[in-house]
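Now for the letters of each chain:
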Amino acid sequence: MKKPTQEERRRQCERKRRYRTQGDAMDAALLAGVERRRSAYLCPLCKHWHLTSA
Ligand SMILES: [Zn+2]
């Protein structure tokens, strides 16, 4: 699997929902029932948290 380019990261960031804290992101994953398949990461672009898509 190739590494995402800066451009791809930026697009992903814009597309994804942002969470203020890791807890907020994990709460959202729990509500969606996907907490086992997703994890939260701190985005270096917007300084907010996103959930991984895989
Ligand atoms: Zn972001």
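In what follows, the structure referred to is the one given above.
Attention here is on the structure that accompanies the text.

Parameters and conventions
Positions within a chain are numbered from 1, following the residues in the order the chain's sequence is written. Where totals are concerned, whole chains, interfaces and linings use all residues; where local detail is concerned, this predicted model gives features only for residues with pLDDT of at least 70, and gives and counts side-chain atom pairs only at 80 or more. Side-chain numbers come from the whole structure's heavy atoms, not from hydrogens or water. Secondary structure counts use DSSP, requiring at least four H or I residues in a row for a helix and at least two E residues in a row for a strand, with both numbered from the N terminus. Accessibility here uses a 1.4 Å probe with only protein chains present; expressed as a share of the type maximum, an area under 20% marks a residue as buried, one over 50% as exposed, and anything in between as partly exposed. Contacts are assigned to residue pairs that have any heavy atoms within 4.5 Å of one another. This arc is taken over the directions from the axis of the helix to the C-beta atoms. By definition here, a salt bridge exists when the distance from a side-chain nitrogen of Lys or Arg to a carboxyl oxygen of Asp or Glu is within 4 Å.

Within the element layout of this structure, Tyr19 appears in the loop between α1 (6-15) and α2 (22-32). According to the relative accessible area criterion, Tyr19 is buried, its value standing at 13%. Expressed as a C-alpha distance, the spacing of Tyr19 and Glu35, which sit 16 residues apart in the sequence, is 15 Å. Apart from residues lying up to four places away in sequence, Tyr19 is in contact with Asp24, Ala25, Ala28, His48, Trp49, His50 and Leu51.

Further remarks concern α2. Among all positions of α2, only Ala25, Ala28 and Ala29 are buried. Looking straight down α2, one finds that the buried residues subtend no more than 100° of arc, so they occupy a single side. Looking at the buried positions of α2, the neighbouring elements they touch are β1 (40-42) and β2 (49-51). Positive phi shows up at Gly33, right after α2, with a value of about 75°.

Looking now at the pattern of salt bridges. Under the counting rule described, the total for this entry stands at four salt bridges. Note that Glu7 is salt-bridged to Arg10, the shortest N-O span being 3.1 Å. Taken as a pair, Glu7 and Arg10 lie in helix α1 at a separation of three residues, close to a single helical turn. The shortest N-O distance in the salt bridge between Glu7 and Arg11 comes to 3.5 Å. Taken together, the residues span about one helical turn, with Glu7 and Arg11 both in helix α1 at a distance of four residues. Look at the salt bridges and you will find they share partners, linking Glu7, Arg10, Arg11 and Glu14 into a network.

Looking at the element boundaries, Asp27 is found in helix α2. Along the chain, Asp27 and Gln12 lie 15 residues apart, while their C-alpha atoms are 20 Å from each other.

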